[in-house]
Amino acid sequence: MICKIKKTAEKYGMFSEKKNVVVGLSGGADSCALLHALCALKDEYSLNITVAHVNHGIRGEEAQRDEDFAVHFCSELGVPIKVCHCNVPEEAKKANMGLEEYGRKIRYEFFESIEKDALIATAHNLNDCCETLLFNMARGTSVKGLRSIPAVRGNIIRPLIDCTRAEIEAYCRENNINYVTDSTNGDDTYSRNRIRLNIIPELKKINPSFEQAASRLIASANEDEDFFAALTAEKIKSAKRENGYDAGEIDSCHTALKKRVVAEIIIKETNLLPESVHISNVCKILRGGKTQILGDTEVRVEKNILTFGKKSLTESWQRDFSLDEDIITPAGTIKFSIVNSIEPFTKQFVHKCVLDYDSVVGQLTLRSRLAGDKIRIANRNCTKQLKKMFTEDKITDKNSVCVLADELGVVWVQGYGCAERCKINKKTKKMLKINY
């Protein structure tokens, strides 16, 4: 495995410039093998290694066990370790973020804080790449998503990216490396665990070398994406005008390139990631017209020039409710679907995007706020008028927020969550999932 790590490091020039390395250590087999291997290579590459461990405050005694193990493991290897303690569930709730998202944010902020301009080495491996690839495919990714996890991203390096989990575990056995196991790894209610425990074993029955086959796909996707990224940048530069972009030049591109150019321009102009519906809507007006995307962003094509601006939603609006299709509103794109599991959502956010569909009374309507609208948000002890809520949160354009209402009143408000009377409970059988 050491030879494979060296080959990967040299292929991507991981240690060609910087020699200070912060190694993320969870205590699992992957990160322990990574740290052990880098310590074995530190003289060859003149590496200065510091270890970082984050106790997320999620798994109680088990998290403390992991921390104690990490400290002891580093002591045996003779490398310094720094530990960060964070109550991720509590802080994620305050930041209005999911547990996984906030945990990742904390980890990388901590890694970056240890040593300025140092490399950050994480233990992502080929199996992680396969899981990410399948996860992205299940969500309908573009070629960019087929790239899975990059070997190098900025100052983040992944020396184990070409190693399989079996190779890593064999390395641990051969070198008598102890490690800890996260008790949640065997819980297939989590999407990634389900992919690892159930889906990949079935694919390996079709092709025992599935990891290597997936690696070839990822490599091919990387080559294609690099080519298209360069071509896209050239086309954007060519189409840029003083007052916008040459819509005709963009429209003359092949559809594949046109969509990429439009997507990158949207990102550049709004600093937001567009969905496929936004890209499609902008492509449709390249010969003239206007459309609204990502809330209050108005896109226009006049006299062959594509421009972006902000539109104030001064007028009220309403849309018919429907399931399993994108509903384009002046305040953004909404999609409703029926689900039987709340697994994708962290506990503290489930009421923000899921409600008890059977508790809805009569017909649902998606609209902007109306005078007198009020709601008792789930798990809060007060009923408030929407006007007051928006004023307190400094939302000046009160029609820029989506409201879902039934015949009794408001059941959900974008960014706030569902009404107390519609929150899911133990008797809930049918749930309405809201994507926006």
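Residues numbered from 1 in each chain as written. Predicted model: local features only at pLDDT ≥ 70, side-chain atom pairs only at ≥ 80, totals over all residues. Heavy atoms only, no water.

Caption draft 1: Up close: the sheet that holds strand E20 (residues 409-413). An order of E12-E16-E19-E20-E21 is seen for the 5 strands of this open sheet, with the pairing classed as antiparallel. Across the chains shown, the open sheet's two edge strands, defined by having one partner strand only, are strand E12 (318-320) and strand E21 (417-418). Across 2 bridges, E20 lies against E21 in antiparallel orientation. Within the sheet, the bridge partner assigned to Trp412 lies in E21 and is Cys418. (Pairing = 2+ DSSP bridges. Helix = DSSP H or I, 4+ residues; strand = E, 2+ residues; numbered from the N terminus.)

Caption draft 2: Molecular detail of the environment of Tyr108. Examined against the element boundaries, Tyr108 turns out to sit in helix H5 (residues 99-114). In this structure, the C-alpha to C-alpha distance between Tyr108 and Phe69, residues 39 residues apart in sequence, is 21 Å. Among all residues touching Tyr108, those that are not within four sequence positions of it are Ile120, Thr122, His124, Ile156 and Arg158. (Contact = heavy atoms within 4.5 Å.)

Caption draft 3: Structural detail: the state of the cysteines. This structure, assessed with the given rule, holds 0 disulfides. In this structure Cys172 is a free cysteine whose sulfur lies 6.7 Å from that of Cys32, the closest cysteine sulfur available. Cys253 carries a free sulfur, and the closest cysteine sulfur to it, the one in Cys283, is 9.8 Å from it. (Disulfide = S-S within 2.5 Å.)

Caption draft 4: A look at the pattern of salt bridges. According to the stated counting rule, one finds 23 salt bridges in the structure shown. Across the pair Glu167 and Lys4 runs a salt bridge whose closest N-O atoms are separated by 2.9 Å. Of this pair, Glu167 sits in helix H8 (residues 165-174) while Lys4 sits in helix H1 (residues 2-11); the two residues are 163 residues apart in sequence, bridging distant segments of the chain. For Asp251, the salt bridge identified is with Arg287, shortest N-O distance 2.8 Å. Taken together, the residues Asp251 in helix H11 (residues 247-251) and Arg287 in the loop between helix H13 (276-284) and strand E9 (289-293) connect sequence positions 36 residues apart. Asp251 gets classed as buried once you look at its relative accessible area, which sits at 17%. Here the salt bridges do not stand alone but share partners, grouping Asp30, Asp128, Glu131 and Arg165 into one network. (Salt bridge = Lys/Arg side-chain N within 4 Å of Asp/Glu carboxyl O. Buried < 20%, exposed > 50% of the residue type's maximum accessible area, 1.4 Å probe, protein only.)

Caption draft 5: Layout of the pairing of strand E22 (residues 431-435). Inspection of the sheet shows strand E14 (residues 332-339) paired to E22 by 5 bridges, in the antiparallel sense. Considered in E22, the bridge of Val339 is made with Met431. For strand E15 (residues 354-356) and E22, the ladder comprises 3 bridges, and the chain directions are antiparallel. Note on E22: the bridge partner recorded for Leu355 is Leu432.

Caption draft 6: How the structure looks around the packing of helix H2 (residues 29-45) against helix H3 (residues 61-77). Where H2 contacts H3, the axes come no closer than 11 Å and their chain directions differ by 15°. Considering their axes alone, H2 and H3 lie roughly parallel with respect to each other. With respect to the hand of their crossing, H2 and H3 are arranged in right-handed fashion. Side by side, H2 and H3 meet where Cys32, Leu35, His36 and Cys39 of the first sit next to Phe69, Phe73, Cys74 and Leu77 of the second. Across the contact of H2 with H3, the residue classes tally to 7 nonpolar, 1 polar and no charged. (Axes fitted to C-alpha atoms, helices over the stretch in contact; angles between N-to-C directions. Parallel < 35°, antiparallel > 145°, perpendicular 65-115°, else oblique. Left-handed = near helix turned anticlockwise from the far one by under 90°. Nonpolar A, V, L, I, M, F, W, Y, C, P; charged D, E, K, R; others polar.)

Caption draft 7: Quick peek at the side chain of Thr132. Examined against the element boundaries, Thr132 turns out to sit in helix H6 (residues 126-138). Take Thr132: its relative accessible area is 9%, and that puts it in the buried class. Beyond its immediate sequence surroundings of up to four residues, Thr132 is in contact with Ser148, Ile149 and Arg192.

Caption draft 8: Spatial organisation of the pairing of E20. For E20, the buried fraction is high: 4 of the 5 residues fall into the buried class. In this antiparallel pair of consecutive strands, strand E19 (residues 403-406) and E20, the connection spans 2 residues. If you look at the hairpin formed by E20 and E21, you'll find 3 residues sitting between the two strands, and Gly415 has a positive phi there, around 90°.

Caption draft 9: The arrangement of H1 in detail. All buried positions along H1 are accounted for by Ile5, Thr8 and Ala9. Along H1, the residues classed as buried sweep out an arc of 100° about the axis, all on the same side. Turned more than 90 degrees away from the buried face of H1, the exposed residues are Cys3, Lys7, Glu10 and Lys11. Buried positions along H1 lie against H2. (Arc of directions from axis to C-beta.)

Caption draft 10: Looking closely at the nonpolar core. Within the largest apolar cluster, 49 residues are counted, with the highest numbers of intra-cluster contacts made by Phe15, Val23, Leu25, Leu35, Leu38 and Ile49. Counting residues per element, this core draws most heavily on H2, at 10 residues. Apart from the residues within four sequence positions on either side, Val23 is in contact with Leu34, Leu35, Leu38, Ile49, Thr50, Val51, Ala52 and Ala121. With 22 residues, the next largest nonpolar core counts Tyr245, Ile266, Val282 and Val299 among its residues. (Core = buried A, V, L, I, M, F, W, Y, C linked by side-chain atoms within 4.5 Å.)

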